[in-house]
Amino acid sequence: MFKLKELDPRLKLTWCLFLVLTALVSRSMLLNGILLGVILISELLSEKSLKAFKMLSIVLLIIGTQVLIINLIFGREGELLYSWGIFQIYSGFITTSILAFLRIGIISFSAYQFGVHTDPMDMAQMLIHWRIPYRYAMLVPMVARFFPVMIGEYQAICDSQSARGVPNDTVLEKIRNLPASILPLMYRAMRISSDAALSVELRGYGRHATRNFQKKINLHPLEGMTIVCLMIGFGGVLIKTIL
Amino acid sequence: MQNEQAIGKKSIFKTDTKSLIGAVVMGIVFVIACQITGQIDNMLPWGKMGMLLINGTVWAFFTGILTLLYRQPGGLIAAEVEALISIMYTPLWPTFIFANGIASIWVSFVAVKCDMTKWSHHILAQGGVCVLGNAIVGVGLVFILGLPVGVAAVSSLITIGVTWPLATLAEKKVYDALLKSGMVK
């Protein structure tokens, strides 16, 4: 059984780009359905569950419903099914909505799968392999490092505002309180970034042209061949769509 | 900072460590701000129709102010951090990669030509951010979400019309305050 986490990040990125670009180029519902199925099966084989996609699925269902309603009201493809004053329903709205739903599913799940199953350090090494100076490549692990920190800071600001009795229930109150929560967060972000910059510079960040990693990424020949196959596969889809 | 390479007043580039890490951390703040405003928009009638007006204003404001604060590549890094983390909550992320990048480069271009002290400079900077950004997102609405072209065009035009003045106002006020505090030289 394979583990997505153990694959080379370049293969995972190529797979993600193949899925995204194929979904954007192709208008075949069958192909998009197969690709979505492959993503879900690969996730099931690797992780034995689809728990990682739970939250994203809810978001996509909401967006999909919005797309369906907009296409129902404004879609003008296909034959006229129903008319009542200016309100007209055309038959094409179902096909367009299903295709859009499959497409957003592929685009979101593939990118999410790449993000969740790729170690930030592997991403940094991948960028270093592409001749990007490590001062810039290491910013990827820094995003992963500081994201929970900043979420915690935001939560602390919200808690302190609540303790002061700032009302934050209605939409209007939320809008009114926006500067009161974002501006302190910006201030804290500036303080944290200044401390972090000084700290990493004192440890010699950027002093040398290269740096070592505990675990190195290596592209297996089989993975290399898979990358080539994916590129050829996308070329085939592109040619078929154009012709 | 030993590696400080900020070159002159009119330079686009600022590659010291403080700017790079600052851009990353502020990029995360950018994501959080977009998340909160996205949720607020979704509670409002226009959000239910897919037009994120408050979110669009905050997006344009952050893209502008972070580029003015950290220049390049900091502005681009902050913008791309937002675009890449948006994978977690929107299928429009491929368009955000291009929209955020182009908008940030546009602000740098304006900041090099103008000293950003007048209203007209901020109107120009935000005009480019809102028009270019929303045009690219409009393309995404058609090709990714499959919305009719007319709906996407109207949605983008309304978003541009609302976000441009609001983001300009916010950017000018905050940039003047940053100038006064000495954070921007």
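Here the residue index of a chain counts from 1 through its sequence in written order. All chains are assigned letters beginning at A, and all ligands numbers beginning at 1, according to the order in which they are written. pLDDT decides what is reported in this predicted model: residues at 70 or higher carry local features, side-chain atom pairs at 80 or more are listed and counted, and totals for whole chains, interfaces and linings draw on all residues regardless. Calculation of side-chain values draws on the structure's entire complement of heavy atoms; hydrogens and water are dropped beforehand.

A few points about the overall build of chain B
- When you go through chain B residue by residue, the secondary structure sums to 6 helices and 0 strands.
- Reading the secondary structure of chain B in the N-to-C direction produces α-α-α-α-α-α.
- Over its C-alpha trace chain B gives a radius of gyration of 16 Å, about what one expects of a compact globule, namely 16 Å for 185 residues.
- For each residue, the accessible area found with a 1.4 Å probe, counting protein chains only, is set against the maximum for its type, and the residue is called buried under 20%, exposed over 50%, and partly exposed in between. For chain B, buried positions account for 61% of its 185 residues.
- Long-range contacts, defined here as pairs at least 24 residues apart, represent 71% of the contacts in chain B between residues at least 6 apart. Strands here are runs of E lasting at least two residues and helices are runs of H or I lasting at least four, both read from the DSSP assignment and numbered beginning at the N terminus. In this setup the radius of gyration rests on C-alpha atoms only. A globule is expected at 2.2 Å times the number of residues raised to 0.38. We call two residues in contact whenever any of their non-hydrogen atoms come within 4.5 Å of each other.

Focus on the environment of Thr 96 of chain A
- Summarising the element assignment, Thr 96 of chain A is placed in helix H4 (residues 92-116).
- Sequence separation of Thr 96 of chain A and Val 228 of chain A is 132 residues, and the distance between their C-alpha atoms is 32 Å.
- Residues contacting Thr 96 of chain A, with those up to four places away along its chain left out, are Asn 71 and Glu 77 of chain A together with Gly 146 of chain B.

Observations concerning the interface of chain A and chain B
- Contacts between chain A and chain B engage 49 residues on the former and 51 residues on the latter.
- When chain A packs against chain B, the two sides together hide about 4300 Å² of surface, and 80% of this comes from carbon and sulfur.
- Any N or O atom pair separated by 3.5 Å or less is treated as a polar contact, with the protein-specific requirement of one donor-capable and one acceptor-capable atom, and with residues adjacent in sequence counted only for side-chain atom pairs. Along the contact surface separating chain A from chain B lie 6 residue pairs in polar contact (both at pLDDT 80 or more).
- Sorting the residues of the side of chain A that touches chain B by element identifies helix H1 (9-25), helix H3 (54-74), H4, helix H6 (134-137), helix H7 (139-163), helix H8 (171-176) and helix H9 (178-202) of chain A as the ones contributing at least two each.
- Top element by residues in the side of chain A that touches chain B is H9 of chain A. It accounts for 13 residues.
- Residues are grouped as follows: Ala, Val, Leu, Ile, Met, Phe, Trp, Tyr, Cys and Pro are nonpolar; Asp, Glu, Lys and Arg are charged; all remaining types, including Gly, are polar. Of the residues belonging to the side of chain A that touches chain B, the class tally is 36 nonpolar, 8 polar and 5 charged. For any pair of parts, buried area is found by adding up, for both, the accessible area (1.4 Å probe) each one loses once the two are put together.

Some thoughts on the packing of helix H5 (residues 120-129) of chain A against H7 of chain A
Residues and elements named next belong to chain A.
- Orientation of H5 relative to H7, taken along the N-to-C sense of each, is 160 degrees, at an axis distance of 7 Å. Classified by the angle their axes make, H5 and H7 are roughly antiparallel. As H5 packs across H7, the resulting crossing turns out to be right-handed. Along its contact with H5, which presents Pro 120, Met 121, Met 123, Ala 124 and Leu 127, the element H7 presents Val 140, Pro 141 and Ala 144.
- Taken together, the residues that form the contact of H5 with H7 break down as 8 nonpolar, no polar and no charged. Angles run from 0 to 180 degrees between N-to-C directions of axes, and those axes are lines fitted to C-alpha atoms, restricted for helices to the stretch in contact. Put simply, angles under 35 degrees are roughly parallel, angles over 145 are roughly antiparallel, angles from 65 to 115 are roughly perpendicular, and the rest are oblique. Crossing handedness is read from the near helix: turned anticlockwise from the far helix by less than a right angle, it gives a left-handed crossing, and turned clockwise, a right-handed one.

Considerations on unusual backbone geometry
- Of note, the bond from Gln 72 of chain B into Pro 73 of chain B is cis; its omega dihedral lies within 30 degrees of zero at 5 degrees.
- Residue placement: Pro 73 of chain B occurs in helix H3 (residues 53-85).
- Unlike most non-glycine residues, Lys 48 of chain A shows phi in positive territory, near 65 degrees.
- For Lys 48 of chain A, the location among the structural elements is in the loop between helix H2 (29-47) and H3.
- A residue is classified by how much of its surface remains accessible, and Lys 48 of chain A, at 60% relative accessible area, is exposed.

Focus on the pairing of strand S1 (residues 80-84) of chain A
Residue and element names in this part refer to chain A.
- For two strands to be treated as a pair, DSSP must find no fewer than two bridges joining them. In the sheet, S1 pairs with strand S2 (residues 87-90) via 4 bridges, with the strands oriented antiparallel. Residue pairing across strands places Tyr 82 opposite Ile 89, the latter belonging to S2.
- With antiparallel pairing between neighbouring strands as the criterion, S1 and S2 make up a hairpin whose turn holds 2 residues, including Gly 85 at a positive phi of roughly 65 degrees.

A word on the nonpolar core
- Judged by nonpolar contacts, the single largest core of 68 residues is most densely connected at Met 150 of chain A together with Met 26, Val 29, Phe 62 and Leu 66 of chain B.
- Contact partners of Phe 62 of chain B, with chain neighbours within four places excluded, come to Ile 182 and Met 186 of chain A together with Val 29, Phe 30 and Ala 33 of chain B.
- Counting 45 residues, the second-largest nonpolar core is a separate cluster that includes Trp 93, Ile 136, Leu 147 and Ala 152 of chain B. Think of a nonpolar core as a cluster: buried Ala, Val, Leu, Ile, Met, Phe, Trp, Tyr and Cys residues, connected wherever their side-chain atoms sit within 4.5 Å.

Examining the confidence of the model for chain A
- Note: pLDDT gives the predictor's confidence per residue, expressed from 0 to 100. On average, residues of chain A score 86 in pLDDT, and 100% of them reach the 70 mark or higher.
- For chain A, H8 of chain A is the element with the lowest average pLDDT, namely 76, and H1 of chain A is the one with the highest, namely 91.

So, the packing of aromatic side chains
- Planes of paired rings set the category: under 30 degrees apart is stacked, over 60 is edge-to-face and the rest tilted, where pairs are Phe, Tyr or Trp rings (Trp by its six-membered ring) whose centres lie within 6.5 Å. Per the counting criterion, the structure on display carries 7 aromatic pairs over all chains.
- When the centroid spacing of 5.3 Å and the interplanar angle of 15 degrees are considered together, the rings of Phe 30 of chain B and Phe 62 of chain B count as stacked. Of the two residues, Phe 30 of chain B is situated in helix H1 (residues 17-43) and Phe 62 of chain B in helix H3; the sequence distance between them amounts to 32 residues.
- Note on Phe 30 of chain B: relative accessible area 1%, which makes it buried.
- Judged by its relative accessible area of 1%, Phe 62 of chain B is buried.
- Arranged with centres 5.3 Å apart and planes meeting at 75 degrees, the rings of Phe 61 of chain B and Phe 62 of chain B form a pair that is edge-to-face. For the residue pair Phe 61 of chain B and Phe 62 of chain B, the accessibility class agrees, reading buried in each case.
- These aromatic residues form a ring-pair network of at least three members: Phe 53, Phe 109 and Tyr 112 of chain A.
- The ring of Phe 146 of chain A is capped by Arg 145 of chain A, whose NZ or CZ atom sits 5.8 Å from the centre of that ring.
- Over the aromatic face of Trp 119 of chain B sits the side chain of Lys 172 of chain B, whose NZ or CZ is 5.7 Å from the ring centroid. Two thresholds decide whether a charge sits over a ring: the Lys NZ or Arg CZ must be within 6 Å of the ring centre and within 35 degrees of the ring normal.

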